[in-house]
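Given next are the chains, with one letter for each unit.
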Amino acid sequence: MSSTHSDLVRPGPARPGARPRAGRGPRPGLRFAGRHPIGIAFVSPYVLYLAAIFLYPLGFAVWMSFHDYFFAAPGAQVDRPFVGLANYTTVLTDPAVWHSFLNIAIFLVINVPLTVGASLVLATALNSKLRGRAFFRTAYYVPYITASVAVVGVWLFLFNSNGLVNQALGPLAPSPSWLVNSHLAMPTIAVFVAWKQLGFFIVLYLSALQNVPGELYESAALDGAGKVRMFWSITVPAVRTATLLVLVMATVTGANLFTEPYLLTSGGGPDGATTSPVLLMYQRGLQQGHPDEAAAIGVILVVLITAISLIYRRVLERD
């Protein structure tokens, strides 16, 4: 009787009560660490960094928001009693807090779509065979790495009452001027932040576009598709993951708006039209001595931005 090699090595049915053979399945101690537990060792320094820089301050801010907290001399033992939701009630019934969140909503409505659209279009152009491509890539990235104080000085020179923008517009120039106009100050800051951050988001999109196969564009061109059609049908779906990242980062950056209104409008003017929640936290916590109320504003801001980021993810994944 003859038998093939496969018959000799084919495993038979397991006997009832037999123990599983060694090497089948992960060890109990490694299930939490995954297949490569050495990865935990490599990422642990960054995890500790995040815990020290982000998680601990966030937890402390939440604790402050539920207590009657105030600054005291180092080493002084003072009582900071638990007050429950009193700080949240105070800030949520304050018109200035609601006005600051309305200001940041106006900022995000202008800044985020402008940032996503402009960075994607420019990244697509810079990813093609364009003369002087290296120069343009550098030019768009320079404002991002330039100190905000220096760039703010340029914009103050451009958009003040006698600036170059108003001189170019002539009789069409707004009055009051851009940064002292309660209706135009926040949109001007939104455009400024989009322009300054554009280089970073262009780099993100460029890295995503490098992974899009060129054969897709060649096939679409053979089928008669134009550049606009290829952009909407190939480029936009291919960089959806990068778009989610840009949306979240632009939203988080906008929600933490502080430097630009502080420098461009002298601390939230005119009449609080550019006061952001973070700037209001600085004013309440450090200038007015109410860090517990400032912490409550910060916690509310974190909750709102987290909810918006989850909505972004849900919508993009569904599409």
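See the structure shown above.
Every value quoted in this text rests on a predicted model; they were computed, and no experiment measured them.

**Q** Help me out: how do you make sense of the environment of valine 239 in this one?
**A** Relative to the helices and strands, valine 239 is located in the loop between α10 (227-238) and α11 (240-255). Aside from chain neighbours lying at most four places away, what touches valine 239 is Leu120, Tyr205, Ala208 and Leu209.

**Q** Looking at this model, I keep getting lost on the side chain of threonine 251. Mind explaining?
**A** Assignment of secondary structure puts threonine 251 in helix α11. If we skip the residues at most four places from it in the chain, threonine 251 touches Leu108, Val112, Ile305, Ile308 and Tyr312.

**Q** Explain the packing of helix α4 (residues 95-127) against helix α13 (residues 277-287) to me, please; I cannot follow it from the model alone.
**A** Packed helices, taken two at a time, are described by the angle their axes make and the gap between the axes. Packing of α4 against α13 brings their axes to within 8 Å, and their N-to-C directions diverge by 150°. For the pair formed by α4 and α13, the contact residues are Ala96, Val97, Ser100, Phe101 and Ile104 on the first element and Pro277, Leu280 and Arg284 on the second. Split by residue class, the contact of α4 with α13 holds six nonpolar, one polar and one charged.

**Q** So what exactly am I meant to see when it comes to helix α8 (residues 185-209) here?
**A** Working note: α-helix, 3.6 residues per turn, so residues spaced by three or four point in the same direction. Given a rise of 1.5 Å per residue, 25 residues ought to cover 36 Å, and the 35 Å separating the end C-alpha atoms of α8 matches this to within 8%. Its axis deflected by about 50° at leucine 198, α8 carries its strongest bend there. Summarising burial for α8: 19 of the 25 residues are buried, a large majority.

**Q** Quick question: what am I supposed to make of the pattern of salt bridges here?
**A** Opposite charge on two side chains permits them to pair, given that their charged atoms come into close proximity. All chains considered together, the criterion is met by two salt bridges. In this structure, aspartate 94 engages arginine 284 in a salt bridge whose closest nitrogen and oxygen atoms are separated by 2.1 Å. Of this pair, aspartate 94 sits in the loop between α3 (86-92) and α4 while arginine 284 sits in helix α13, placing them 190 residues apart in sequence. Arginine 284 matches aspartate 94 in its accessibility class, with the two residues each being buried. Between glutamate 293 and arginine 284 there is a salt bridge; the shortest N-O distance is 3.4 Å. Arginine 284 shares its class with glutamate 293; the two are buried. A cluster of three or more residues bridged by salt bridges with shared partners is formed by Asp94, Arg284 and Glu293.

**Q** Looking at this model, I keep getting lost on the packing of helix α5 (residues 133-145) against α8. Mind explaining?
**A** Axis separation between α5 and α8 bottoms out at 6 Å; the angle between their running directions is 125°. Comparing their axes, α8 and α5 come out oblique. Once α5 is placed against α8, the crossing between them reads as left-handed. Of the residues in α8, those touching α5 at Arg137, Tyr140, Tyr141, Pro143 and Tyr144 are Trp195, Lys196, Gln197, Gly199, Phe200, Ile202, Val203 and Leu206. Grouping the constituent residues of the contact of α5 with α8 by class yields nine nonpolar, two polar and two charged.

**Q** It is not clear to me how a nonpolar patch on the surface should be interpreted in this structure. Could you clarify?
**A** A surface patch of nonpolar side chains, about 510 Å² in accessible area, is lined by Ile38, Ile40, Phe42, Val43 and Val47. Turning to its location among the elements, valine 43 is positioned in helix α2 (residues 38-65). By relative accessible area, which is 43% here, valine 43 ends up partly exposed.

The rules behind these values
Residues numbered from 1 in each chain as written. Predicted model: local features only at pLDDT ≥ 70, side-chain atom pairs only at ≥ 80, totals over all residues. Heavy atoms only, no water. Helix = DSSP H or I, 4+ residues; strand = E, 2+ residues; numbered from the N terminus. Contact = heavy atoms within 4.5 Å. Axes fitted to C-alpha atoms, helices over the stretch in contact; angles between N-to-C directions. Nonpolar A, V, L, I, M, F, W, Y, C, P; charged D, E, K, R; others polar. Expected span 1.5 Å × (residues − 1). Bend = angle between axes of the 7 residues up to and from the residue. Buried < 20%, exposed > 50% of the residue type's maximum accessible area, 1.4 Å probe, protein only. Salt bridge = Lys/Arg side-chain N within 4 Å of Asp/Glu carboxyl O. Parallel < 35°, antiparallel > 145°, perpendicular 65-115°, else oblique. Left-handed = near helix turned anticlockwise from the far one by under 90°. Patch = residues over 30% accessible without salt bridge, like charges linked within 9 Å, V, L, I, M, F, W, Y side chains within 5 Å. Areas by Shrake-Rupley, 256 points an atom, 1.4 Å probe, with all protein chains shown as cover.

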